[in-house]
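Summary of structural features
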Amino acid sequence: MTGPTDPATPTATSAPSAPSAPEAREPAAGTPGHAPAPADGAPRTRRLRQIRRVLTAVAVLAAGAVAMAALDSGTRHGSLDPRSADPFGSRAVAELLKERGVTTRVVTTAREAAAATGPRTTLLVTDPDRLGATQRDVIRSAIDLSGGRTVLLAPSSHSLNDLSPGVRTAGDATTDRPDPGCTLPAATSAGRADTGGGLTYTTALPRTTACYPSGGHPTLLVLPTGPTGGDTVLLGSETILLNESLADEGNASLALQLLGSRPDLVWYLPSLADSDPDTAPSAEDKGLLDLIPAGWSWALLQLFVAAVLAALWRARRLGPLVTEKLPVAIRASEATEGRARLYRKTDARDRAATVLRTATRERLAALLGVPHTQAHDPAALAPAVSARLTGEPRDVTALLFGTTPSDDAALVALADHLDALEREVRTS
């Protein structure tokens, strides 16, 4: 029977009995089946070098991302900040004013803003609606007493009653870039500008100049204020001051003339301390991304891209199978005996019997011309085997498809009967 020589088909005789110590040893040196095991130091060294290279690349990328985030976080100061070069910052208009001899001072509290105003100053309030009642009173006193110019960006009804009494909002603008529509020199020289996209105003105050109408209402108002000759400019949109839109239409010209009429510009960026509790953004309203410092989001994105590239670089690439030489040649009989010992150790007589019967059925099907797909079908294989046997009738179905042997002796007997059956079919 050919089963004992097949490494995938252990015999029942080897299941109950383990080979002796000499038989289980590896072939001696110099025998045909012996091959010395190569040292694994070289592959391990190569793996360590590859790991070091990957870690070095990741460290360099991480250091670069952190450095860029740190540098970038120092230049991002927020929307309408004259120090910010971001698209929504206002550094460009501040630089143009500086070239024309206008100095810009950034303040963050109402008292600082009021103390810095005077006849030679322009006070720009970037977010009037954020101011609390006390801060609005301070700014209103500065407007009346300074004698200079005050520019309020997009004030709504929340702050208009205190900062510019007599002016009301008239809804949203319907035209993004309206024509001047007035005789104000700054508007006529600038032409069309991005004053739309925000609020429009209405007022019945005398000596008021209304410009850039949208939907019948102006988006820019110039109001005389106080007995000292100052004025107040209400601008319905901050677009003309942003870096990303300063070069569009007449935005730069209008911005420079509105903010550069005096030699000193006080740029008031209201802080949280000056905010009205009802309008100040709370920490609960902020999402996770809003709490991340500026610049770090780009660093996280770069680290994610680096991780994806590293994964693609080191990922398994499927290709054709490559044969490898085994470090040690193992005899088929040793493999068979090893599997038999494992079966015996776990009392896996069912598994051993199944392997023996399966291998026998496949070999008998090949000898008898039974299709391979029907080799394990009792109705197809058993009649073909019985037709080749001589002598007394035997229960071929029970032998090839029977139950699990109850003990090791029954397993050995099953192996003997299967071997005798296959030998008889071969010789008949």
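The following refers to the structure shown. In this text, all values refer to a predicted model and were calculated from it rather than measured experimentally. (Residues numbered from 1 in each chain as written. Predicted model: local features only at pLDDT ≥ 70, side-chain atom pairs only at ≥ 80, totals over all residues. Heavy atoms only, no water.)

1. Considering the nonpolar core
Keep this limit in mind: Throughout, nonpolar core names a set of buried Ala, Val, Leu, Ile, Met, Phe, Trp, Tyr and Cys residues whose side chains join them through atoms within 4.5 Å. Throughout this description, buried means an accessible area under 20% of the type-specific maximum (1.4 Å probe, protein chains only), exposed means over 50%, and partly exposed covers the range between. Secondary structure follows DSSP: runs of H or I at least 4 residues long count as helices, runs of E at least 2 residues long count as strands, and numbering of each begins at the N terminus. In what follows, a contact means two residues having at least one pair of non-hydrogen atoms within 4.5 Å.
Counting 31 residues, the largest nonpolar core has L220 and L254 as the members making the most contacts within it. Counting residues per element, this core draws most heavily on helix α8 (residues 251-259), at five residues. Residues within four places of L220 in sequence aside, it is in contact with L184, T209, A210, C211, Y212, V233, L234, L235, L254 and L258. Counting residues in hydrophobic clusters, the runner-up holds 23 residues, among them V355, L364, L414 and V425.

2. A look at the pairing of strand β6 (residues 209-214)
The condition is simple: Any two strands with at least two DSSP-identified bridges between them are counted as paired.
Sheet analysis places β6 next to strand β7 (residues 217-225), joined by five bridges and oriented antiparallel. Note on β7: the bridge partner recorded for P213 is P218.

3. As for the pattern of salt bridges
Threshold: By convention in these notes, a salt bridge is any Lys or Arg side-chain nitrogen within 4 Å of a carboxyl oxygen on Asp or Glu.
In the structure shown here, the tally under the stated rule is 15 salt bridges. When the shortest N-O distance is used, the salt bridge between D81 and R83 registers 2.8 Å. Since its relative accessible area comes to 43%, R83 is described here as partly exposed. Between R177 and D248 there is a salt bridge, with the nearest N and O atoms lying 3.6 Å from each other. One end of the pair, R177, is in the loop between β4 (167-172) and α7 (185-190); the other, D248, is in the loop between β8 (230-235) and α8, and 71 residues separate them in sequence.

4. Regarding a nonpolar patch on the surface
How we decide: Distance thresholds for patches are 9 Å for like charges and 5 Å for nonpolar side chains (Val, Leu, Ile, Met, Phe, Trp, Tyr), applied to residues having over 30% relative accessible area and no salt bridge. Accessible surface is estimated by sampling points in the Shrake-Rupley manner with a 1.4 Å probe; for residues, cover comes only from the protein chains shown.
On the surface, W298, L301, F304, V305, V308, L309 and L312 cluster together into a nonpolar patch covering about 700 Å² of accessible area. Position of W298 among the secondary structure elements: in helix α10 (residues 296-314).

5. Here we look at the sheet that holds β8
Strands belonging to one sheet form pairs held by backbone hydrogen bonds; the direction of such a pair is parallel or antiparallel. Rule in force here: Fitting a line to C-alpha atoms yields each axis, with helices limited to the stretch in contact; the angle taken between N-to-C directions then spans 0 to 180 degrees.
Here seven strands make up an open sheet; going across it, the order is β1-β9-β2-β3-β8-β7-β6 and the pairing mixed. The open sheet has two edge strands, β1 (103-107) and β6, and neither has a second partner. Geometrically, the sheet is characterised by an average inter-axis angle of 15° between neighbouring strands, direction not taken into account. Along the sheet, α8 contacts β2 (121-125), β3 (149-153), β6, β7, β8 and β9 (264-268); its crossing angle with β3, the most-contacted strand, is approximately 135°.

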